[in-house]
Amino acid sequence: MKTMLKLAAKSFAIVTALFCLVSVIAFSSIKVGLLSFIGNDPARTDSFLYIMSLENQSLKSILPEGYERSFGRDALELFTNINLRNMKSFLVSEIPGLNAASPKIIVAGKGTDFTNLPIETPPPSDLDMWSEEEELAEESPIKEKHQTKDYVAFIYFTHNTESFLPMLPGVTNPNLAWHKEKNISLVGQRLGKKLEEKGVKTLVNKMDIQGMLKKRGMKYGQSYIVSREVAVEAMNQNNKIQFYFDIHRDSSRRAVTTTEINGKKYAKSLFVIGEGHPQYEKNSKFATELHHAIQKKYPGLSRGVFGKPKAGGNNGIYNQDLAANALLIEIGGVDNTLEELNRTADALADVISEYYWGESVEVNK
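Residue positions are counted from 1 within each chain, in the order its sequence is given. Reporting in this predicted model follows two pLDDT cut-offs: at least 70 for local features of residues, and 80 or more for side-chain atom pairs to be given and counted; totals over whole chains, interfaces and linings ignore these cut-offs and use all residues. Each side-chain value is worked out from all heavy atoms of the structure, with water and hydrogens disregarded.

Here we come to the overall build of the chain. Counting from the N terminus, the helices are DSSP H or I runs at least four residues long and the strands are E runs at least two residues long. Along the chain, the regular secondary structure elements total ten helices and nine strands. Counting across all 365 residues of the chain, residues that qualify as buried make up 48%. By the convention used here, residues are in contact when the closest approach between their heavy atoms is within 4.5 Å. Long-range contacts, defined as pairs at least 24 residues apart, comprise 74% of the intrachain contacts of the chain with a sequence gap of at least 6. Calculation of accessible area relied on Shrake-Rupley with a 1.4 Å probe; when residues are assessed, cover is drawn exclusively from the protein chains displayed. For the chain, the exposed surface amounts to about 19500 Å²; the carbon and sulfur share of it is 57%. Relative accessible area decides the class of each residue, using a 1.4 Å probe on protein chains only: under 20% of the type maximum gives buried, over 50% gives exposed, and in between gives partly exposed.

Here's what the structure looks like:
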């Protein structure tokens, strides 16, 4: 009898050990599988954490504040990659190759997710529809301790007629927010002016690239071919230029493109990285460093860093292969006012100049 009990005990111990081993292996496999399709998507990570928190209450403490819990919705999103708050996810899951052509979030700013990616406006039907002029508000220059001898930054506008509804009385359709003078170039000029005041000599190119397209009989999608000529010419004539900024505005609406800092409204900025060339990681590194610098000094101003592949009609390069510090910066959206845009231009000049002088000091050490 004792022998049988000992054998039973040993058998039970062996079975228990095997069960634990199989459980560990199975859990590890499930974990690897989950991580493989959760990826870096913040929304899917939150869904996974919520489902796990149903068993482990301590996980609820790390869920985003105000997270709307729904077991059905989160389970669907986790296991099918379909986000009920983003209809695009249905198409991505069904149309082969669409996911590869979609922008990806490299670094997310506060409130940034796949439901508020940057939006491109359809090309204007007639570039001659507006002809009024807009003057920049003049402010007294601020003397800085440092001053560069040569041009260090170059600012240009591939889509120079991109405008803003508050600048266009009577226009309410965001797809008609275009103007030959009242446009994104005003914001870029402001940025260049403020960089100059902070000792960073800046060349602002006011070339009407959209007008050049029309004269040459080229299409809107060929804008970057023409703007590349502008950037290369500046590069050849000014070999000390380190920063190349192509300034745009997003087509997203006010709720996505506006923030409040210290009681004042600002137009949010975001960085777009073209991943269609081999050296894009250098551009991404530069954008990420600026993003973190902005967030530290102006919390909530940057929407983050977005990567766009060379697919689905995207240029995928945006002339960023010309230099490691070449960026496409979107400032505000169709609903932002000039006052909000100017505040953001001032903030960007503040951060970029600090970045430049910090790097300059490091190099000279």
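That was the structure; now back to the text.
Take Asp 335: it is sitting in the loop between strand 9 (326-331) and helix 10 (338-364). Separated by 85 residues in sequence, Asp 335 and Asp 250 have C-alpha atoms that sit 9.7 Å apart. Only 2.7 Å separates the side chain of Asp 335 from the side chain of Arg 253, close enough to count as a polar contact. Two N or O atoms count as a polar contact when they lie within 3.5 Å, although within protein this holds only if one can serve as hydrogen donor and the other as acceptor, and sequence-adjacent residues are included solely when both atoms are side-chain atoms. In this structure the side chain of Asp 335 is engaged in a polar contact, spanning 3.0 Å, whose partner is the backbone nitrogen of Arg 254.

The residue Asn 262 is not glycine, and still its phi comes out positive at about 55°. Mapped onto the elements of the fold, Asn 262 is located in the loop between strand 5 (258-261) and strand 6 (264-267). Note on Asn 262: relative accessible area 78%, which makes it exposed. Located in the positive-phi region is Tyr 318, a residue other than glycine, with phi close to 55°. Structurally, Tyr 318 is set in the loop between strand 8 (302-308) and strand 9.

What makes a nonpolar core is a set of buried Ala, Val, Leu, Ile, Met, Phe, Trp, Tyr and Cys residues whose side-chain atoms join them at distances within 4.5 Å. Counting 47 residues, the largest nonpolar core has Phe 243, Phe 245, Ile 247 and Leu 327 as its most contacted members. In terms of residues, this core owes the most to one element, helix 10, which gives eleven residues. Filtering out sequence-adjacent residues up to four positions away, Phe 243 remains in contact with Val 152, Ala 153, Phe 154, Phe 286, Asn 325, Ile 352, Tyr 355 and Tyr 356. Of all hydrophobic cores here, the second largest spans 13 residues; its members include Met 212, Leu 213, Val 230 and Ala 234.

What follows deals with the confidence of the model for the chain. Confidence of the predictor at the level of single residues is captured by pLDDT, which takes values from 0 to 100. In the predicted model, the chain carries a mean pLDDT of 77, and the fraction of residues at 70 or more is 58%. A low-confidence stretch, residues 24-43 (pLDDT under 50), is modelled with twelve contacts involving residues beyond four sequence positions or located in other chains. Considering only residues more than four positions removed or in separate chains, one finds that residues 129-144, a stretch of pLDDT under 50, has 33 contacts.

Moving on: the side chain of Thr 158. Among the structural elements, Thr 158 can be located in the loop between strand 2 (153-156) and helix 5 (184-197). What Thr 158 contacts, discounting residues up to four positions off in sequence, is Ile 209, Gln 210, Ser 223, Tyr 224, Ser 227, Asp 246 and His 248.

Moving on to the pairing of strand 7 (residues 269-274). Most of strand 7 is tucked away, with six of its six residues classed as buried. Here strand 7 shows a buried face lined by Ser 269, Phe 271 and Ile 273 and a second buried face lined by Leu 270, Val 272 and Gly 274. With five bridges connecting them, strand 7 and strand 8 associate as parallel partners. Pairing of Gly 274 across the sheet is with Lys 308, part of strand 8. What makes two strands pair is DSSP finding at least two bridges between them. In terms of strand pairing, strand 7 meets strand 9 through four bridges, oriented antiparallel. Residue pairing across strands places Leu 270 opposite Glu 330, the latter belonging to strand 9.

With that out of the way, let us pick up the pairing of strand 6. Sheet topology places strand 5 next to strand 6; four bridges connect them, and they run antiparallel. Following the sheet pairing, Thr 258 is matched in strand 6 by Ala 267. In textbook terms, the turn of a hairpin is the stretch between consecutive antiparallel strands, and for strand 5 and strand 6 this stretch comprises two residues, one of which, Asn 262, has a positive phi near 55°.

Counted as salt bridges are all cases of a side-chain nitrogen of Lys or Arg within 4 Å of a carboxyl oxygen of Asp or Glu. Within the structure shown, the criterion is met by 13 salt bridges. A salt bridge links Glu 229 to Arg 216; its shortest N-O distance comes to 2.9 Å. Separated by 13 residues along the polypeptide, Glu 229 in helix 7 (residues 223-237) and Arg 216 in helix 6 (residues 209-216) bring together distant segments of the chain. Residue classification places Glu 229 among the partly exposed residues on the basis of a relative accessible area of 37%. A salt bridge links Arg 253 to Asp 335; the nearest nitrogen and oxygen atoms lie 2.7 Å apart. You can see Arg 253 sitting in the loop between strand 4 (243-248) and helix 8 (254-257) and its partner Asp 335 sitting in the loop between strand 9 and helix 10, a full 82 residues away along the chain. Residue Asp 335 is classed as buried on the basis of its relative accessible area of 15%.

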